[in-house]
Number of protein chains: 2
Amino acid sequence: MASNSSPVVDIHTHMYPPSYLAMLEKRSTIPIVRSFPGADEPRLILLEAEVENLEKAGADAAAGLPGRPLTSHYASLAQKLHFMDTHNIDISVISLANPWCDFLDRTTAAAQTRAINDEFSAMCAAHPGRLYFFATLPLTAPIDDLLAAVRDLPSLEYCRGVILGTSGLGAGLDDPALLPIFTALGASNLPVFLHPHYGLPNDMWGPRASAEYGHVLPLAMGFPMETTIAVTRMFLAGVFDAVPALRMILAHSGGTLPFLAGRIESCIMHDGHLVAEGKTGPGRRSLWTVLKEQIYLDAVVYSPVGLRAAIEASGSDRLMFGTDHPFFPPLESDPQGEWESVSLNAEAVIKAVGEGTEEAKGIMGANAARVLRLTGK
Amino acid sequence: MASNSSPVVDIHTHMYPPSYLAMLEKRSTIPIVRSFPGADEPRLILLEAEVENLEKAGADAAAGLPGRPLTSHYASLAQKLHFMDTHNIDISVISLANPWCDFLDRTTAAAQTRAINDEFSAMCAAHPGRLYFFATLPLTAPIDDLLAAVRDLPSLEYCRGVILGTSGLGAGLDDPALLPIFTALGASNLPVFLHPHYGLPNDMWGPRASAEYGHVLPLAMGFPMETTIAVTRMFLAGVFDAVPALRMILAHSGGTLPFLAGRIESCIMHDGHLVAEGKTGPGRRSLWTVLKEQIYLDAVVYSPVGLRAAIEASGSDRLMFGTDHPFFPPLESDPQGEWESVSLNAEAVIKAVGEGTEEAKGIMGANAARVLRLTGK
């Protein structure tokens, strides 16, 4: 994928540093790392959708193991670099994977996220020009500590933004209490990489899902729907108007936002309540404008159909390639080789905009290098 | 929009016949029709998301009215025909609007849905060639009565399929108990028009939604997400394989299915549980195949971005224009004139495939006329 003139950049690539995994090993509820007798590797159990399987596995050894095997891909920097080399990725902007530090204790959160950000900084410093990172915020800390943590980010040499889930301070990203955070991030030119974790309630998947459909429904539907809802709530709350410098990078090509933007706009203009409140009309900044001026989309959508819609919605100069490593490893070929979850997205770029075109170079890395100020080697 | 050679067909257009509205007037919970002092028209309250506003309106007259005004557009056939004439629609395939008869008593459901289908038949017979309909099923009736109702549908001259929500018999559309119903519908060449109603739980919209965002979130996000989940559950349960003759028309261009199909496919091929169960691999019928062979999409997506994705996913010979009348009336112009909710979708067709092209004629009516055997005047 690489070329001399244009770098390949992976902006959607996660790690759980060893200190984070040690934290999960001590927990008794999801997210959790747990060992099971007879299993070669401990299991990493992240999603609430797995709660039933976790309970079963405790009671019945034959019920199958919950979660996924905790391979070296999750915590090893050497493995990350090997993965980058295997896929010709020049630069990775790494981030802590979900659920980040959303569950930390109020009193220790700021110190713990600071330690994690320092751990990421050290990894980047060990491989200058190959690694940058999105920082983690102490969302459960007192608001002044949280704001101090945000103001401290520009001092971290390799930090290029923050990764954020959808819970905010507990009331979602449309919570007015977050505006000072967004304002500080915008002022420092640090984008928010918005990433899902909480999905939708388990009962949306029906009585057959847990036994028969694996993780497909929460991952394939819950995740992108959560992202779409979160950013639409921000839009309706006027966050993008209130913080014009705010930039968001949306995981999974915006969840479903490019496809639904038309319906959202139509629902707004046809809503009796919003019309009565004066929240519609010609002067209103539309979602299409926000998509083209304040939002970037990763290119992790696994099809040219989705990718073309994302490009049409935001512009090919606002799409950024990603892998979602270490998630979605190949199950029937060597995980040290090429990953189909990566090639699906790389091939979608070629199918959508052609191989070697300026648009393809932009999506594969040049856009990220420009927007995130990645200077490379 | 009309042309002599190719009809304009509206396949997504609803009515609440007077007998149905009389039923809602007698109810004490949503769905409900209720009059409020000082309001010109009774209010039609359909969505669970409105439950808080309904309670407030009962206690506090100044709180604003829940639901929407019950105008003549909902029940009047003359109004439907006027709407068709205003928008140059040659043929409408009308259907009962949500939540249909999902809430009926077990013992009376079959007789009540039969009466409603007879009411629709009489409307069609009064305007032969201009009106056809999708029938309503007595889903809460004993299964034998339900199956008998399905087997009776081909005797209804103007019936061209059924409209179905996502609840099925109470356990969703991936319930194996529904297979005989889908088989009977497939054998009679009667497609299922899959339409959302239940959306997502209210707490997904956050604490600000009910007071500040009108109906936007449940309508713009909850509806299409519900559809996507329902059809993906059917796909994972193997319903499309088990009933090869089944044809589904998905409301709102599939909810978000065209955009998410790539992610769904990737999640399936990377799911350890499904791989272990032998449910993945080269022989498996993919969602893309189902989209192109068993699924049709309406063209109610309100943007060329969404419409192009829908066309790419299913093919321009599988898209069908719709209006969603009587929902989304213009709020700031005469509702007897042109509706922007209609022109947005008609313009999206022109922007996506060009004006007057074969593809445009197909989407605007020829596809529906062919697939649903609409002979016109």
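Residues numbered from 1 in each chain as written. Chains lettered and ligands numbered in written order. Predicted model: local features only at pLDDT ≥ 70, side-chain atom pairs only at ≥ 80, totals over all residues. Heavy atoms only, no water.

In the nomenclature of an unreviewed UniProt entry, chain A corresponds to Amidohydrolase-related domain-containing protein from the organism Thielaviopsis punctulata. Heading Sequence similarities (unreviewed entry) of the UniProt record for chain A holds this comment: "Belongs to the metallo-dependent hydrolases superfamily." (UniProt positions renumbered as here; feature names shortened; annotations may be inferred.)

(A) Structural detail: the domain arrangement of chain A. All names here are of chain A. Assigned domains within chain A: domain 1 (9–16 + 80–372) and domain 2 (17–69). Summarising the inter-unit geometry, the C-alpha centres of domain 1 and domain 2 are found 26 Å apart. With 22 residues of domain 1 at the interface, the matching set in domain 2 holds 21 residues. Of the roughly 1,700 Å² buried where domain 1 meets domain 2, counting both sides, 66% is carbon and sulfur surface. Counting every contact that joins domain 1 to domain 2 gives five residue pairs in polar contact (both at pLDDT 80 or more). Of all the secondary structure elements, the ones that give two or more residues to the side of domain 1 that touches domain 2 are helix H4 (109–126) and helix H8 (216–236). By residue number, the principal contributor to the side of domain 1 that touches domain 2 is H4, which donates four residues. For the side of domain 1 that touches domain 2, the residue count by class is 15 nonpolar, six polar and one charged. (Domains from an automatic or database assignment. Contact = heavy atoms within 4.5 Å. Buried area = accessible area lost by both parts, 1.4 Å probe. Polar contact = N/O pair within 3.5 Å; in protein donor to acceptor, adjacent residues only side chain to side chain. Helix = DSSP H or I, 4+ residues; strand = E, 2+ residues; numbered from the N terminus. Nonpolar A, V, L, I, M, F, W, Y, C, P; charged D, E, K, R; others polar.)

(B) Focus on the packing of aromatic side chains. Residues and elements named next belong to chain B. Following the criterion strictly, the structure yields 20 aromatic pairs over all chains and no others. A ring pair is formed by Phe120 and Phe133, whose centres lie 5.9 Å apart and whose planes are at 10°; its orientation type is stacked. Here Phe133 lies in strand S6 (residues 131–136) and Phe120 lies in helix H4 (residues 109–126), a separation of 13 residues in the sequence. Judged by relative accessible area, which is 0%, Phe133 ranks as buried. (Phe/Tyr/Trp six-rings, centres within 6.5 Å; stacked < 30°, edge-to-face > 60°. Buried < 20%, exposed > 50% of the residue type's maximum accessible area, 1.4 Å probe, protein only.)

(C) Structural view of the sheet that holds strand S8 (residues 192–194) of chain B. Residue and element names in this part refer to chain B. Read from one edge to the other, the open sheet built from eight strands follows the order S1-S5-S6-S7-S8-S9-S10-S11, with strand pairing classed as parallel. Edge strands, defined here as strands with exactly one partner in the open sheet, are strand S1 (9–15) and strand S11 (319–320). Of the pairings in the sheet, the one linking S1 to strand S5 (residues 91–96) comprises five bridges and is parallel in character. By the bridge assignment, Thr13 is partnered in S5 with Ile94. (Pairing = 2+ DSSP bridges.)

(D) Broad picture of unusual backbone geometry. Between Ile30 of chain A and the following residue, Pro31 of chain A, the backbone shows a cis peptide bond with an omega angle of 0°. Take Pro31 of chain A: it is sitting in the loop between helix H1 (18–25) and strand S2 (32–34). Non-glycine residue Ser253 of chain B carries a positive phi angle of around 55°. Residue Ser253 of chain B is classed as buried on the basis of its relative accessible area of 0%. With a phi angle near 65°, Asp324 of chain B is a residue other than glycine that sits in the positive phi range. As for its position among the elements, Asp324 of chain B is in the loop between S11 and helix H14 (340–353).

(E) Summary view of the relation of the copies chain B and chain A. It takes a turn of 180° to lay chain B on chain A, together with a shift of 0.0 Å along the axis; the resulting RMSD is 0.0 Å. In short, the pair behaves as if placed about a two-fold rotation axis. Both copies share a contact surface, since 100% of the interface residues of chain B are interface residues in chain A too. (Least-squares fit on C-alpha atoms with pLDDT ≥ 70 in both.)

(F) How the structure looks around the pairing of S5 of chain B. Residue and element names in this part refer to chain B. Most of S5 is tucked away, with six of its six residues classed as buried. What you see with S5 is no split at all: Ile91, Val93 and Ser95 on one side and Ser92, Ile94 and Leu96 on the other are buried throughout. Bridge analysis of S5 against S6 gives four bridges, and the strand direction is parallel. Counted as the bridge partner of Ser95 is Phe134 from S6. Read from S5 through H4 to S6, the crossover connection turns out right-handed. (Right-handed = clockwise from strand over helix to strand, strands pointing away.)

(G) Seen up close, the environment of Pro330 of chain A. Residue and element names in this part refer to chain A. With respect to the helices and strands, the residue Pro330 is situated in the loop between strand S11 (319–320) and helix H14 (340–353). Classification of Pro330 by relative accessible area gives buried; the value is 12%. Distance from Pro330 to Glu340, taken between C-alpha atoms, is 6.4 Å for residues ten residues apart in sequence.

(H) Region of the structure containing the interface of chain B and chain A. Listed as interface residues are 70 residues of chain B and, on the opposing side, 70 residues of chain A. The contact between chain B and chain A buries some 6,200 Å² in all, and 70% of this surface belongs to carbon and sulfur atoms. A per-residue breakdown of the area chain B buries against chain A is headed by Phe259, Arg263 and His270 of chain B, which together make up 14% of the total. Taken together, the links from chain B to chain A amount to two salt bridges. Between Arg308 of chain B and Glu312 of chain A there is a salt bridge, with the nearest N and O atoms lying 2.5 Å from each other. Elements that contribute at least two residues to the side of chain B that touches chain A include exactly helix H7 (209–212), helix H8 (216–236), helix H10 (257–269), helix H11 (272–276), helix H13 (304–314) and H14 of chain B. Top element by residues in the side of chain B that touches chain A is H8 of chain B. It accounts for 13 residues. Partitioning the side of chain B that touches chain A into residue classes produces 41 nonpolar, 18 polar and eleven charged. (Salt bridge = Lys/Arg side-chain N within 4 Å of Asp/Glu carboxyl O.)

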